[in-house]
Amino acid sequence: MTAAPLTSPSATRSDADWWRQAAVYQIYPRSFADGNGDGIGDLAGIISRVPYLAELGVDAVWLSPFYPSALADGGYDVDDYRDVDPTIGTLEEFDEMVAALHGVGIKLIVDVVPNHSSDRHVWFQEALASPKGSDARERYIFRDGRGEQGEEPPADWTSIFSGPAWTRVPDGQWYLHSFATEQPDFNWRHPEVHEDFLHTLRFWSDRGVDGFRIDVAHGLSKDLGEVLPSTAELRAMPKDGTHPLWDRDDVHEIYAEWRELFDQYEPPRIAVAEAWVETPERRARYASPEGLGQAFNFDLMEADFDAVHFRDIVTDNLAQSAVTGSSTTWVFSNHDGVRHATRYGLPPRAGRAVKQGAEWVAAGGPEGGIDRELGLRRARAATMFELALPGSAYLYQGEELGLHEVAEIPDEERQDPAFLRTTAADRGFDGLGRDGCRVPLPWTRSGSSFGFGEGGGHLPQPAWFADFSVEVEDGTAGSTLEMYREALRLRTELQGEETLEWDEALSSDDVLAFERPGGWLSVTNFGAEPVTLPAGELLLASGELAAAADGSAVLPGATTAWLRQSAA
Ligand code: NOJ
Ligand code: CA
């Protein structure tokens, strides 16, 4: 690591379009770096690692929730939207962090969780203390139960984390929580909810935050009459904008309000939606310039490592962004899914790759079922493919080290409500949850919690983390960290118009080759058979290349190479 902070190469790009093709690094704050040795990552830890982020060469950081929280859902259960959790830091430290990031040209996006608060939020506490029918209860979704004594929930709905979606309060009413019990859903028909979120967005924008990641953006607006539909009825309803719970057309009225606020800043604050919707067309609404402006596309995260599938995804998403005028987004890993180095090491199987990874974790991570080396090889090739695409790349902490998912977490140490709300019998695919990608990062090859902090980590780190530590990879030719650094540096240098042209002569069912403006050619070999590369200056490859008899470079399987070709 370099001691002095470097300035990110994009530091000079302060225009309103900075987000369109940004490389955004997601920090899950409790697992990134621990400044005070209490086992929980914090803002002091992040500040101390700003030089690392600058050297990595990312354009922005997306910070997952750092707000006061009882951690019923890793911080996505927010007690107070305008403060910092005392175990993570203070507002003054937050300002220091913003200044440190901005000082090296890195923007900051913070997570906003508007679908639900935590049950410790003052409003929810007030609702509990207030009578049925009171205005305080109206800020959330309270209903009487069914049955003679109201002892049955108002509807048979299941929470996204399994278990019932309604919980009864002492006076007999029930409240809706689409996620954990500790996450009551807001009623977005209440004007104070609108006002309060505008207040929050302004609060952080005024503190210098450059943008927002909007959690469950498709869930805020709900249309619930007196008689609630059953789960079976809900399932039968089309998600075409009229569904009572998800992706309603009128949710965009909220984002229009937010856009007005964002545009009062210079440069305008940006937002990226986490919206799980039926079709790319519906996703496009969230990415509209009159709304949030950008939306995550999780298609690559859900796909197998397959050339045909990847090409379809890229083509569809570029077509969609042409319609909205937004830029595309690409994601392989985040805090909710099994890391891509692990997913790609599993044997091919029909179905969604991301689920397949979860299944392997649920089976206890059997070594017999995985080829870790191949997984990492493919993950590196996939990342270079991603970083060559037009649009924004969202990277998740630790993927730059080639980290695998940690499967070996004892049940009693798991924290994810998706695990805690299920029993072994009904665990299914997602059963063991998301703790395995949230294990504290290894910074050093040895020492207390591999350099995460002076104390331990809040989730156990396996012994093999040593080999993936920053200390081992820093300055080591061919390491995943050095590949990410060089790829991000080159990307900044080569980035141009948001277009690509497929090289049909090179592409096949196993190979994807495309050219970006200025002669930047990216070739990925998804198969096993080596492929001869065309002439051109080799800029970077995700693995070792071989040479053909005539001297031309040969791209082995599961490898990406970037070449610079002279403009035609
Ligand atoms: C999506 C977030 O990414 C996830 O971590 C969280 O559990 C749910 N939203 C609920 O807030
Ligand atoms: Ca700490």
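Residues numbered from 1 in each chain as written. Chains lettered and ligands numbered in written order. Predicted model: local features only at pLDDT ≥ 70, side-chain atom pairs only at ≥ 80, totals over all residues. Heavy atoms only, no water.

**Remarks on the domain arrangement of the protein chain**
Defined as follows: Bear in mind that the domain bounds are from an automatic or database domain assignment.
Each domain of the protein chain was delimited in the assignment, giving domain 1 (23-116 + 191-485), domain 2 (122-176) and domain 3 (496-564). On a C-alpha basis, the centroid separation for the pair domain 2 and domain 3 is 57 Å.

**Remarks on the pairing of strand β14 (residues 520-525)**
Quick reminder of the rule: Only protein chains enter the accessibility calculation, which uses a 1.4 Å probe; a residue whose area is less than 20% of its type maximum is buried, one above 50% is exposed, and one in between is partly exposed. Numbering of helices and strands runs from the N terminus, with a helix taken as a DSSP run of H or I at least four residues long and a strand as a DSSP run of E at least two residues long. What makes two strands pair is DSSP finding at least two bridges between them.
Among the 6 residues in β14, 6 count as buried, and that is most of the element. Residues Trp 520, Ser 522 and Thr 524 line one face of β14 and the alternating positions Leu 521, Val 523 and Asn 525 line the opposite face, and both faces are buried. The sheet contact formed by strand β13 (residues 511-516) and β14 spans 6 bridges and is antiparallel. Along β14, the bridge assignment pairs Arg 516 with Trp 520. Here β13 folds back onto β14, and the loop between the two strands holds 3 residues, one of which, Gly 518, carries a positive phi near 90 degrees. In this sheet, strand β19 (residues 559-564) lies alongside β14 in antiparallel orientation, the contact comprising 6 bridges. In the sheet register, Val 523 faces β19, and the bridge partner there is Ala 561.

**Notes on the pattern of salt bridges**
Side-chain pairs of opposite charge can arise where the charged atoms are in close proximity. The following threshold applies: A pair is scored as a salt bridge if a Lys or Arg side-chain nitrogen falls within 4 Å of a carboxyl oxygen belonging to Asp or Glu.
Going through the model one piece at a time under the given rule, you end up with 34 salt bridges. Put simply, Asp 144 and Lys 132 hold a salt bridge, and the shortest N to O gap is 3.1 Å. Residue Asp 144 is found in the loop between β4 (142-143) and β5 (166-168), and its partner Lys 132 is found in the loop between α4 (122-129) and α5 (135-138); the two are separated by 12 residues along the sequence. Among the salt bridges present, the one from Arg 285 reaches Asp 249, with a minimum N-O distance of 3.2 Å. Of this pair, Arg 285 sits in helix α9 (residues 280-286) while Asp 249 sits in the loop between α7 (231-236) and α8 (251-262), and the two are 36 residues apart along the sequence.

**Here we look at the site of ligand 1**
Put simply, the rule is: For this purpose, a residue is taken to be near a molecule or strand whenever a single non-hydrogen atom of the residue falls within 4 Å of it. Distance and chemistry together define a polar contact, namely a pair of N or O atoms within 3.5 Å, with one atom able to donate a hydrogen and the other to accept it when in protein, and with adjacent residues in sequence counting only for side-chain atoms on both sides. Method for areas: the Shrake-Rupley scheme with a 1.4 Å probe, in which residue coverage is limited to the protein chains shown.
In the vicinity of ligand 1 there are 13 residues, among which Asp 73, Asp 215, His 335, Asp 336 and Arg 434 approach most closely. One of the side-chain N or O atoms of Asp 73 is found 2.6 Å from an oxygen atom in ligand 1. One nitrogen or oxygen atom from the side chain of Arg 213 is found 3.0 Å from an oxygen atom belonging to ligand 1. Considered on its own, ligand 1 offers 300 Å² of accessible surface; in the complex 97% of this is hidden by protein.

**Some remarks on the coordination of the calcium ion (ligand 2)**
What counts is decided by this rule: Sites may look incomplete, because water is not among the atoms used; the donor set itself consists of N, O and S atoms within 2.8 Å of the metal (3.2 Å for Na, K and Ca).
Surrounding the calcium ion (ligand 2) are the protein donor atoms Asp 34 (OD), Asn 36 (OD1), Asp 38 (OD), Ile 40 (O) and Asp 42 (OD), at 2.3 Å. Sequence spacing of the donors to the calcium ion (ligand 2): D-x1-N-x1-D-x1-I-x1-D. On the basis of relative accessible area, Asp 42 is assigned to the buried category, the value being 3%.

**Some details on the sheet that holds strand β18 (residues 553-555)**
Strand pairing within a sheet occurs via backbone hydrogen bonds; the two strands may be parallel or antiparallel. Taken in spatial order, the 3 strands of this open sheet run β15-β18-β17, and their pairing is antiparallel. Both edges of this open sheet fall to β15 (531-532) and β17 (546-547), since each of them pairs with a single strand only. Where β17 meets β18, 2 bridges bridge the pair, whose relative direction is antiparallel. Each bridged residue has a counterpart across the sheet, and for Ala 547 the counterpart in β18 is Ala 553.

**A word on α8**
As a reminder, the rule being used: By definition here, a helix of n residues has an expected span of 1.5 Å times n minus one. Directions from the helix axis toward the C-beta atoms define the arc. Note on contacts: a residue pair is in contact if any heavy atoms of the two residues lie within 4.5 Å.
Helix length check: α8, at 12 residues, gives a terminal C-alpha distance of 17 Å against a target of 16 Å (1.5 Å per residue), a fit within 8%. Taken together, the buried positions of α8 are occupied by Val 251, His 252, Ile 254, Tyr 255, Trp 258, Arg 259, Leu 261 and Phe 262. Along α8, the residues classed as buried sweep out an arc of 155 degrees about the axis, all on the same side. With respect to the buried face of α8, the exposed residues turned more than 90 degrees away are Glu 253 and Glu 260. Considering only its buried residues, α8 is in contact with α6 (191-206), β7 (211-214), β8 (270-273), α9 and β9 (293-295).

**Considering the sheet that holds strand β10 (residues 329-331)**
Stated formally: Lines are fitted to the C-alpha atoms to define the axes, a helix being fitted only along its stretch in contact, and any angle between axes, read from their N-to-C directions, falls within 0 to 180 degrees.
Across the sheet, 8 strands lie side by side as β9-β8-β7-β3-β2-β1-β11-β10; this open sheet has parallel pairing. Where the open sheet ends on each side, the last strands, each with one partner, are β9 and β10. Looking at each pair of strands side by side, their axes are set apart by 25 degrees on average, direction ignored. Here β7 pairs with β8 via 4 bridges, running parallel. When the sheet's bridge partners are listed, Arg 213 is paired in β8 with Val 272. Helix α3 (residues 91-103) rests against β2 (60-63) and β3 (107-112) of the sheet, and its axis sits at about 140 degrees to β3. Strands β1 (23-27) and β11 (392-396) of the sheet are contacted by helix α16 (residues 480-494), whose axis makes an angle of about 160 degrees with β11.

**Some thoughts on the packing of aromatic side chains**
Definition in use: Only rings of Phe, Tyr and Trp enter the pairing, Trp through its six-membered ring, and a pair is recorded when the two centres are within 6.5 Å. The plane angle decides the type: under 30 degrees is stacked, over 60 is edge-to-face, the rest tilted.
Tallied over the full model, the rule gives 44 aromatic pairs. For the pair Phe 142 and Tyr 175, a centre-to-centre distance of 6.0 Å together with 50 degrees between the ring planes defines the contact as tilted. With Phe 142 in strand β4 and Tyr 175 in strand β6 (residues 174-176), this pair connects stretches of sequence that are 33 residues apart. With relative accessibility at 5%, the residue Tyr 175 sits in the buried group. Here Phe 186 and Phe 197 contribute two aromatic rings whose centre-to-centre distance is 5.6 Å and whose plane-to-plane angle is 85 degrees, an arrangement assigned as edge-to-face. A residue pair is termed long-range when its members are at least 10 positions apart, and Phe 186 in the loop between β6 and α6 and Phe 197 in helix α6 qualify at 11 residues. A relative accessible area of 1% places Phe 186 in the buried class.

**Topic: the nonpolar core**
Where we set the bar: The criterion is simple. A nonpolar core is a set of buried Ala, Val, Leu, Ile, Met, Phe, Trp, Tyr and Cys residues joined through side-chain atoms within 4.5 Å.
In terms of nonpolar packing, the biggest core is built from 133 residues, with Phe 94, Leu 108, Tyr 255, Trp 258 and Phe 310 touching the most fellow members. The biggest single contributor to this core is helix α13 (residues 372-388), with 8 residues. Excluding anything up to four places from it in sequence, Leu 108 contacts Val 61, Leu 63, Phe 94, Met 97, Val 98, Leu 101, His 102, Val 209, Asp 210 and Gly 211. In terms of nonpolar packing, the next biggest core, distinct from the first, is built from 17 residues, Phe 179, Leu 224, Leu 234 and Leu 245 among them.

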